Amino acid sequence: MTLLHIIYLVAITAEAMSGAIMGMRRGMDLFGICLLGTVTALGGGTARDILLGHYPVGWIANPEYLTFTIGAAIVTGFVARHMHHLRKVFLIVDGLGLVAFTVIGCGVGMEMGAHPSIVVLAGVITGIFGGLLRDVLCNQVPMVLQRELYATVALFTGVLYVGLLWLGIGNSIASLVALCAGFLFRMLAMTFQWKLPDFQGKEIRGLD
Amino acid sequence: MTLLHIIYLVAITAEAMSGAIMGMRRGMDLFGICLLGTVTALGGGTARDILLGHYPVGWIANPEYLTFTIGAAIVTGFVARHMHHLRKVFLIVDGLGLVAFTVIGCGVGMEMGAHPSIVVLAGVITGIFGGLLRDVLCNQVPMVLQRELYATVALFTGVLYVGLLWLGIGNSIASLVALCAGFLFRMLAMTFQWKLPDFQGKEIRGLD
Amino acid sequence: MTLLHIIYLVAITAEAMSGAIMGMRRGMDLFGICLLGTVTALGGGTARDILLGHYPVGWIANPEYLTFTIGAAIVTGFVARHMHHLRKVFLIVDGLGLVAFTVIGCGVGMEMGAHPSIVVLAGVITGIFGGLLRDVLCNQVPMVLQRELYATVALFTGVLYVGLLWLGIGNSIASLVALCAGFLFRMLAMTFQWKLPDFQGKEIRGLD
């Protein structure tokens, strides 16, 4: 049970809670919020495993992860009314989760012997696809495509982690540095509302 | 050709017809309704096979299934105007399909040597993901996340089937009991409009 | 480096540009348009590879494809304002891409030893799923399900290609004939606005 593993379990619990809350706001029933919470928490790793052909998929090899996500969604169903007081805690845990998912995803990519660029992408996909699938199921354009430095944080964390390993740094140190630097980046991006350029493109004429 | 297989073929035909009708209501063309009907009918098994790494995927191993779904969608294109008279027949066949898909999906999970909780989930995914993907393609929040005891029926059927096998009951008896009990549950749920709690959560404040 | 391969690289560049423009029109940021462009360009081949269990997925085996799609999306971010002048060029390249994707997809299906109907479908999926996934991420009903002879062109190209091979024609000739005939069909379909029947079904009563 490494530090990374503990962060992972805390993070999937928090992601499942935030997915469940979004489901409740859409009027979903108990099953809906359990599924949406689980997709939010485990969808990133699942997408990565399917794209890489890395079988068995994470939660199929470790069904106990589902206990965390489904349990978190059900608890959320009953206490959600009071959870906005915890908004800041969630944003912090979500930031931790983003970088932890990324480092774990990079690890899976390396285990599969993928090209370094694919290793980084495996990390980014693990970090962001849960939220992306959640938004598709909620019938909205995925937030990760529109605002804030979220995917960028995953990209930065992945590049840093793979770069440190390439420089010959040991895995524990490289993970720890990438986690801390990525988390710090995310916190700064939120605090100062850093954004990527978005081109004010709504009036651009399409090609179709 | 077992009873379960016959129910399966009848069910994919009916699911393809209901998918085709939803496509027509969205103004889709002939190709669109064929694809939407096929996704509705075969999407659940496809999602299950990809998640489990169970290759070849069902309809790729048995392309004749496509004849049923595409044929059903095309016929629907020409007779849909008169099909609402058959609404009750469809709801009954859809209920049969839900439980048959679930039992078949559990069977695939067991064949892959998965953990019992994953076997049940493989059944639930087979039962509900076709409709879920249909709704995503129609740009709406999946109905299965919002109303009625639909996923719950799949869960009940899967748990009952796996439980009976675990008790040492033979496969034919276990399938038959799970099919009948699950189907009865679905019919009762529709008749009495049983629902899961939905938390009236629309006014809940989000965490993002 | 065959002619087909060159057409493929030009086509993924053009598809990534058209995806990026759609992303800009939705207010997506730089990351969003890179991801949307890449999904539009490579989503069809990815869906085909996952459905067929053909690993590694194309862009994971050849990460240099990502250079084309991400590069194209970034360039588009800066010049999109002027690109509608190139609308006709894009439609032509898109038509070329559609038939090239289809022929390449059929090739992968044959390599996997699939049934001829699945070989054709592998081509069609390669041709159309990129645009379909792009539209899902943009929160709209996929255009390919609604208008124009687009999927039909892929189907025609695939059937022609597989049919010519079945008749004993060599692969180079069969590819070339299928590419030219499919492209001509697409150009004619656009010029004369050929459509599949769409049943004016919006007033049809649903079954649910």
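Residues numbered from 1 in each chain as written. Chains lettered and ligands numbered in written order. Predicted model: local features only at pLDDT ≥ 70, side-chain atom pairs only at ≥ 80, totals over all residues. Heavy atoms only, no water.

Caption draft 1: Looking closely at the overall build of chain A. Across its full length, chain A carries eight helices and zero strands. Secondary structure elements in chain A, listed N-terminal to C-terminal, are α-α-α-α-α-α-α-α. In summary, chain A has a C-alpha radius of gyration of 17 Å against a globular reference of 17 Å for 208 residues, a match within 12%. For chain A, the spread of C-alpha atoms along the principal axes amounts to about 50 × 50 × 35 Å. Looking at chain A as a whole, 59% of its 208 residues qualify as buried. Taking the intrachain contacts of chain A between residues at least 6 apart in sequence as the baseline, contacts between residues at least 24 apart amount to 73%. Of the roughly 8,600 Å² that chain A leaves accessible, carbon and sulfur atoms contribute 69%. Computed over 12 positive and 11 negative side-chain charges, the inter-centroid distance for chain A is 10 Å. (Helix = DSSP H or I, 4+ residues; strand = E, 2+ residues; numbered from the N terminus. Rg over C-alpha atoms; globule rule 2.2 N^0.38 Å. Buried < 20%, exposed > 50% of the residue type's maximum accessible area, 1.4 Å probe, protein only. Contact = heavy atoms within 4.5 Å. Areas by Shrake-Rupley, 256 points an atom, 1.4 Å probe, with all protein chains shown as cover. Lys, Arg positive; Asp, Glu negative; His and termini not counted. Charge placed at Lys NZ, Arg CZ, Asp CG, Glu CD.)

Caption draft 2: How the structure looks around the interface of chain B and chain A. Listed as interface residues are 37 residues of chain B and, on the opposing side, 37 residues of chain A. Each partner contributes to the roughly 3,300 Å² buried at the junction of chain B and chain A, and carbon and sulfur atoms together form 69% of this total. Summed over the shared surface of chain B and chain A, the number is zero salt bridges. One can count four residue pairs in polar contact (both at pLDDT 80 or more) joining chain B with chain A. For the side of chain B that touches chain A, the element with the most residues is helix H6 (residues 116-137) of chain B, which contributes eight residues. Residues belonging to the side of chain B that touches chain A are distributed by class as follows: 21 nonpolar, nine polar and seven charged. (Buried area = accessible area lost by both parts, 1.4 Å probe. Salt bridge = Lys/Arg side-chain N within 4 Å of Asp/Glu carboxyl O. Polar contact = N/O pair within 3.5 Å; in protein donor to acceptor, adjacent residues only side chain to side chain. Nonpolar A, V, L, I, M, F, W, Y, C, P; charged D, E, K, R; others polar.)

Caption draft 3: Expanded view of helix H5 (residues 87-111) of chain C. Between its first and last C-alpha, H5 of chain C extends 36 Å over 25 residues, near the 36 Å set by a 1.5 Å rise per residue. Positioned one or two residues after H5 of chain C, Gly113 of chain C has a phi angle of 70°, which is positive. (Expected span 1.5 Å × (residues − 1).)

Caption draft 4: Region of the structure containing the interface of chain B and chain C. Each partner contributes residues to the interface: chain B has 37 residues there, and chain C has 37 residues. Here chain B packs against chain C, burying approximately 3,300 Å² in sum over the two surfaces, 69% of which is carbon and sulfur. Contact with chain C buries surface across chain B, with Arg25, Asp29 and Phe31 of chain B losing the most and accounting together for 19% of the total. Between the two partners, chain B and chain C, sit zero salt bridges. For the interface between chain B and chain C, the tally reads four residue pairs in polar contact (both at pLDDT 80 or more). For the side of chain B that touches chain C, the element with the highest residue contribution is helix H2 (residues 30-52) of chain B, accounting for seven residues.

Caption draft 5: Region of interest: the UniProt feature "domain: Glycine transporter" (unreviewed entry) in chain A. Residues and elements named next belong to chain A. Taking the UniProt record as the reference, the feature "domain: Glycine transporter" (unreviewed entry) is found at residues 6-79 and 92-164. Between the first and last C-alpha atoms of residues 6-79 the distance is 24 Å; the span itself is 85% helix and 0% strand. Helix makes up 77% of residues 92-164 and strand 0%, and the two end C-alpha atoms of the span are 25 Å apart. (UniProt positions renumbered as here; feature names shortened; annotations may be inferred.)

Caption draft 6: Highlighting the nonpolar core. In terms of nonpolar packing, the biggest core is built from 223 residues, with Ile128 of chain A, Ile128 of chain B together with Ile128 of chain C touching the most fellow members. Setting aside anything within four residues of it in sequence, one finds Ile128 of chain C in contact with Phe31 and Leu35 of chain B together with Leu98, Val144, Tyr150 and Ala151 of chain C. (Core = buried A, V, L, I, M, F, W, Y, C linked by side-chain atoms within 4.5 Å.)

Caption draft 7: Broad picture of a nonpolar patch on the surface. Where nonpolar side chains cluster on the molecular surface, the patch consists of Ile70, Ile74, Val75, Phe78 and Val79 of chain A and spans about 410 Å² of accessible area. Mapped onto the elements, Val75 of chain A comes out in helix H4 (residues 64-79). (Patch = residues over 30% accessible without salt bridge, like charges linked within 9 Å, V, L, I, M, F, W, Y side chains within 5 Å.)

Caption draft 8: The arrangement of the packing of aromatic side chains in detail. One pass over the structure, following the stated rule, counts 18 aromatic pairs over all chains. Between Tyr55 of chain A and Tyr55 of chain B, the ring centres sit 6.5 Å apart and the planes meet at 75°, which makes this aromatic pair edge-to-face. Residue Tyr55 of chain A is located in the loop between helix H2 (30-52) and helix H3 (58-61), and its partner Tyr55 of chain B is located in the loop between H2 and helix H3 (58-61); the two belong to separate chains. Look at Phe156 of chain B and Phe185 of chain B: their rings are 5.0 Å apart centre to centre, the planes differ by 80°, and that puts the pair in the edge-to-face class. Linking Phe156 of chain B in helix H7 (residues 151-166) with Phe185 of chain B in helix H8 (residues 171-191), this pair joins segments that are 29 residues apart in sequence. Judged by its relative accessible area of 34%, Phe156 of chain B falls in the partly exposed class. An aromatic cluster is present here, built from Phe156, Phe185, Phe192 and Trp194 of chain A joined pairwise through their rings. (Phe/Tyr/Trp six-rings, centres within 6.5 Å; stacked < 30°, edge-to-face > 60°.)

Caption draft 9: Fine view of the relation of the copies chain B and chain C. Aligned on chain C, chain B shows an RMSD of 0.0 Å; the corresponding rotation is 120° and the shift along the axis is 0.0 Å. Taken together, the rotation and translation describe the operation of a three-fold axis. Relative to the rotation axis, the C-alpha of Asn139 of chain B is the closest in chain B, positioned 3.7 Å from it. The two copies present different faces, since only 14% of the interface residues in chain B are matched by interface residues at the equivalent positions in chain C. (Least-squares fit on C-alpha atoms with pLDDT ≥ 70 in both.)

Caption draft 10: The arrangement of unusual backbone geometry in detail. Residue Tyr55 of chain A is joined to Pro56 of chain A through a cis peptide bond whose omega torsion reads -5°. Within the fold, Pro56 of chain A resides in the loop between H2 and H3. The phi dihedral of Gln193 of chain B falls on the positive side, at around 50°, and the residue is not glycine.

Caption draft 11: Expanded view of the UniProt feature "transmembrane region" (unreviewed entry) in chain A. Here the UniProt feature "transmembrane region" (unreviewed entry) sits at residues 6-23, 30-47, 59-80, 89-110, 116-137, 149-167 and 173-192 of chain A. Span residues 30-47 of chain A is 100% helix and 0% strand, its end C-alpha atoms 24 Å apart.

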